[in-house]
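Inside the fold
The chain contents come next:
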Amino acid sequence: MSARLSFSGISRRFGRKRVLEQVAGAVEIGQVLAVSGANGSGKSTLLRILAGLMPASSGTIEYRLEDRLLDSGERRRALGYVAPDLALYESLTVVENLRFFARLRGLPASAADDAVARVGLAPEAFYGTLSSGQRQRLRWAWALLGRPRLLLLDEPFQNLDAAGEALARRLLDEHLENGCAVVASPITLELPKVHERIHLAG
Amino acid sequence: MSASTWLAEATAVFVKEWRSELRTRYALNTFGLFAVTTLITASVALGPASLAPVERASVLPVLLWLILLFTATAGLPRAFVFEEETHTSTALRLAASPGPLFVGKAAYNLALTLALEALVVPLFLILFDLAVASPGLLALALLAGGFGLALGSTLVSALISQARGRGTLFAVLSLPILLPLLLFSVQLTRLAILGDAPGQTVEALLLYDASLTVASMMLFPVIWNP
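Reference entry: report on the structure contained in this document.

The rules behind each value
Residues numbered from 1 in each chain as written. Chains lettered and ligands numbered in written order. Predicted model: local features only at pLDDT ≥ 70, side-chain atom pairs only at ≥ 80, totals over all residues. Heavy atoms only, no water. Pairing = 2+ DSSP bridges. Helix = DSSP H or I, 4+ residues; strand = E, 2+ residues; numbered from the N terminus. Axes fitted to C-alpha atoms, helices over the stretch in contact; angles between N-to-C directions. Contact = heavy atoms within 4.5 Å. Buried < 20%, exposed > 50% of the residue type's maximum accessible area, 1.4 Å probe, protein only. Phe/Tyr/Trp six-rings, centres within 6.5 Å; stacked < 30°, edge-to-face > 60°. Lys NZ or Arg CZ within 6 Å of the ring centre and 35° of its normal.

With respect to the sheet that holds strand β5 (residues 68-70) of chain A
Residues and elements named next belong to chain A. Strand order in this open sheet of four strands is β2-β1-β4-β5, and the pairing throughout is antiparallel. Strand pairing shows two members of the sheet lacking a second neighbour, β2 (17-28) and β5, which therefore form its edges. Across the sheet, the axes of successive neighbouring strands diverge by a mean angle of 25°, strand direction being ignored. In this structure, strand β4 (residues 58-65) lies alongside β5, joined through three bridges in antiparallel fashion. Bridging from a neighbouring strand, Y63 pairs with L70 of β5. Across the sheet, helix α1 (residues 43-51) lies against β1 (3-14), β2 and β4, angled at about 125° from β1, the strand it touches most.

Put into structure tokens, the structure is as follows:
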């Protein structure tokens, strides 16, 4: 199995404001690419661009899975993403939310049930009733649906209590056995298997 | 993507929309309130006796479609706007294929529109004591007109979902998209009431629906993908 994300010359402007300037990096199976920088330095923007949720002003992104180059649409659907702005449906339960997204990704309902079990949430709780820490656990479960090879994690331990952070770190460790991750955080996190660090000056 | 996968995705979206709607009842309550209010207001102001028989076939179809249009526009544009407002669009973009997503949303809006018509039309016929000479033609007008209304509203909802000033934009964009549909639908409803031959109005309405379908399926991936 192989998966490799590489990007180079990534720049992004919002009007006249330059948020990212010629950012480059790469990550493959078993590795973490850590992105740090102050608030507003463009970490979330970089991850959104890598996820295919936002176009870059310039630059190239390549994601190869099993030696096949995926286009941006395929890349979007083949990765896991945790970010503060990722929300699920308040009128659906935890398991209904995950089963819905599992069906969209062509996965069986058991994949959703498995993901819920991994993060220790009550399946029948409504998303709208979850605390911010529980919502973060659910984001992890959502990201791990179908066990994608690439995880893009924007402030992955935000709002988690000690047990939640330990769980998230364990999930990341397990993921790195067969996958890779880009992790963005305003502080320098202690992370396993960091292959490269990018500091965004903003 | 295989046809069965495509259909499964569209069905998942349709089921999710209905499950959410049946729990929140946002659109159903809005439709019910708006439809009953406008029907009662119109029937009190223009009850069965206030229009000359010769005017009824001209005025009442317009009134019926105006009630349907304004009631529908109170709920249908939420299809994609709601996803942006609640920040669920990020998860949806990362998981859904554009084609099945649009079809699932449009099918949900069509079901809502048909439910709205099932509520409004019988009440309208009773309150205005309106006899329809060709019920089959009226059913066709409601089905084809409702299809266009649902599809057009879904497309406009997608177009405006990421913009500011959505209310204004919806009105501006809906005008060119929905105006021909309304004109054909009103004309066909009038012919159904009178029992006249539909001529080319049926073809025009069906052709409009087909064109809107093709345009929507081509446009939506461009709108949806960043």
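The discussion continues.
Let's talk about the environment of F31 of chain B
All names here are of chain B. Within the secondary structure, F31 sits in helix α2 (residues 26-46). Under the relative-accessibility criterion, F31 is labelled buried at 3%. The spatial distance from the C-alpha of F31 to the C-alpha of S153 is 15 Å, given a sequence separation of 122 residues. Non-local contacts of F31, meaning those with residues more than four positions away in its chain, are made with T71, A72, G75, L76, L112 and L116.

Here we look at the packing of aromatic side chains
As enumerated under the stated definition, the model contains ten aromatic pairs over all chains in all. Plain terms: the ring middles of Y89 of chain A and F100 of chain A are 5.9 Å apart, the flat faces sit at 75° to each other, and that makes the pair edge-to-face. With Y89 of chain A in the loop between β6 (79-82) and α3 (94-104) and F100 of chain A in helix α3, this residue pair connects regions lying eleven residues apart in the sequence. For Y89 of chain A, a relative accessible area of 3% translates into the label buried. By way of ring pairs, the aromatic residues Y89, F100, F101 and W142 of chain A are connected into one cluster. Above the face of the W142 of chain A ring, R105 of chain A is positioned so that its terminal group lies 5.5 Å from the ring centre. One cation-aromatic arrangement involves R93 of chain B over W224 of chain B; the distance from NZ or CZ to the ring centre is 4.1 Å.

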